[in-house]
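# Close look at the chain arrangement
Here are the chains, one letter per residue:
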Amino acid sequence: MLVRFGYVAMSVQLENASPSRTMTMANFSKLADREAGLRRLEKLAEGNLRNTLRLLKHNRYMGVHVYRMTSKLIPLATHEELRDWNPYPVLAASFAEVGDFVRKQGMRVSFHPDHFTVINTPRKDVFEKSVNDLDHHVRMLEAMRLDGRALNNIHVGGSYGDKMVAGKRFVEQFSLLEPRIAKRITLENDDKTFTAPETLAIAEEVGVPMVLDIHHDAVNRGSETAEELWPRIMQTWDRLEWNVVHAADSELKLPPKIHVSSPKSDSDPRGHADYVEPGPLLDFLYRIAATTPALDVMIEAKKKDDALFRLMEHFRMLEGEGHPIRVVDGGTVEVGG
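Note that the structure is predicted; figures quoted are calculated from it, not measured. Per chain, residues are indexed from 1 in the order of the written sequence. Residues qualify for local features only when their pLDDT is at least 70, as the model is predicted, and side-chain atom pairs are given and counted only at 80 or more; totals for whole chains, interfaces and linings, by contrast, use all residues. Here the side-chain values reflect all heavy atoms present in the structure, with hydrogen atoms and water set aside.

A few words now on the overall build of the chain. Helix and strand labels come from DSSP, where a helix needs a run of H or I of at least four residues and a strand needs a run of E of at least two; each type is numbered from the N terminus. Helix and strand counts for the chain come out as 12 helices and 10 strands. For the C-alpha atoms alone, the extent of the chain along its principal axes is close to 65 × 50 × 45 Å. Under the scheme applied here, a residue whose accessible area is under 20% of the maximum for its type counts as buried, over 50% as exposed, and between as partly exposed, the area being computed with a 1.4 Å probe on protein chains only. By the burial criterion, 54% of the 337 residues in the chain qualify as buried. Taking the intrachain contacts of the chain between residues at least 6 apart in sequence as the baseline, contacts between residues at least 24 apart amount to 75%. In the chain, 44 positive and 49 negative side-chain charges are present, and the distance between their average locations comes to 5 Å. In this description, contact between two residues means that some pair of their heavy atoms is separated by no more than 4.5 Å. Positive charges are assigned to Lys and Arg, negative charges to Asp and Glu, while His and the chain termini are left out of the count. For this purpose, a charge sits on NZ of Lys, CZ of Arg, CG of Asp or CD of Glu.

Put into structure tokens, the structure is as follows:
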């Protein structure tokens, strides 16, 4: 099984490369010249996109092929007081440059819209804001000219006093999304509400891939283990529109993705630690290796790329000790079954 590792948004090794420089709405509102303020926001966005490109080049140099982009590339992009602002044409060249690099390097990139993007909300205004936010993420991917392998990962949402009803409402309101938005969505189990089996059932019903978070599964365990669910989870990726079209070409097909992190402490088991404890991850990888040709793993550790590189050092040590691990490059290993 070929396993590629990625990290989220920021590098702790690359200096002065924040891709999420921003301005608060309070500070924007204090500006006397609104148009000049909008130009400042666009300049901030251009800087964020330049730094995103720097991070991608850093990843290429280090051998990392999977990366989650920050949702904060365009400051205040979805704020309701700026609905008349359209920054995408001004930023078109910068977005295109990022997308061109991603395609040429064969990288896998994604977004993870913030927690306030909730499809199953019972409130119409929150649903409308959530759809607007998803549309914004899709517009950024479209501006990068990225195909159906670039996706937006979300959670099912809250229980709102009745988890069964909330799950059904997700299905009903998901059907209201534009196809261009719906086909870019993956669904992840969370650490408090919707377990892996519950999330998988909803993903199967609406026809989207499921991203398994093994840390969330450990602290919010469902009726079936992750290993038991894995064949069904893989099938959700087979049904991804891109994979259906390219089913005969294994090099073009998008492999399943999982998330990994480690508990911050015994008193805060849901919080994310600085680094990844290799044991639970390796146990899972060994169990699925024989039936899974390829897998992408997003590391959600506080130390970002440093956590990835420390994990790779551990894999090199295991390889040297004769374990069924072969390090391919700076962000990829081959795991034996």
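Buried residues of helix α11 (residues 278-288): P278, L281, L282, F284, L285 and I288, and no others. Taken down its axis, α11 places every buried residue within 160 degrees of arc, on the same side. The arc refers to the directions leading from the helix axis to the C-beta atoms.

Another aspect to go through is the side chain of R184. One can find R184 in the loop between α6 (179-182) and β5 (185-188). One side-chain nitrogen of Lys or Arg within 4 Å of one carboxyl oxygen of Asp or Glu is enough to make a salt bridge. No salt bridge is formed by the buried R184, whose closest oppositely charged neighbour, E142, lies at an N-O distance of 5.3 Å. With near-sequence residues (within four places) excluded, R184 lies in contact with V138, L141, E142, L146, D147, G148, A150, L151 and N152.

So, on to the pairing of strand β6 (residues 210-213). Here β6 shows no split at all, with M210 and L212 on one side and V211 and D213 on the other all buried. Two strands are said to pair when DSSP picks up at least two bridges between them. Sheet analysis places β5 next to β6, joined by two bridges and oriented parallel. Bridge pairing in β6 places E188 opposite V211. Traced from β5 through helix α7 (residues 196-206) to β6, the parallel crossover comes out right-handed. In this sheet, strand β7 (residues 257-260) lies alongside β6 in parallel orientation, the contact comprising two bridges. Orienting the strands away from the viewer, one traces the path from the first strand over the helix to the second; a clockwise path indicates a right-handed crossover.

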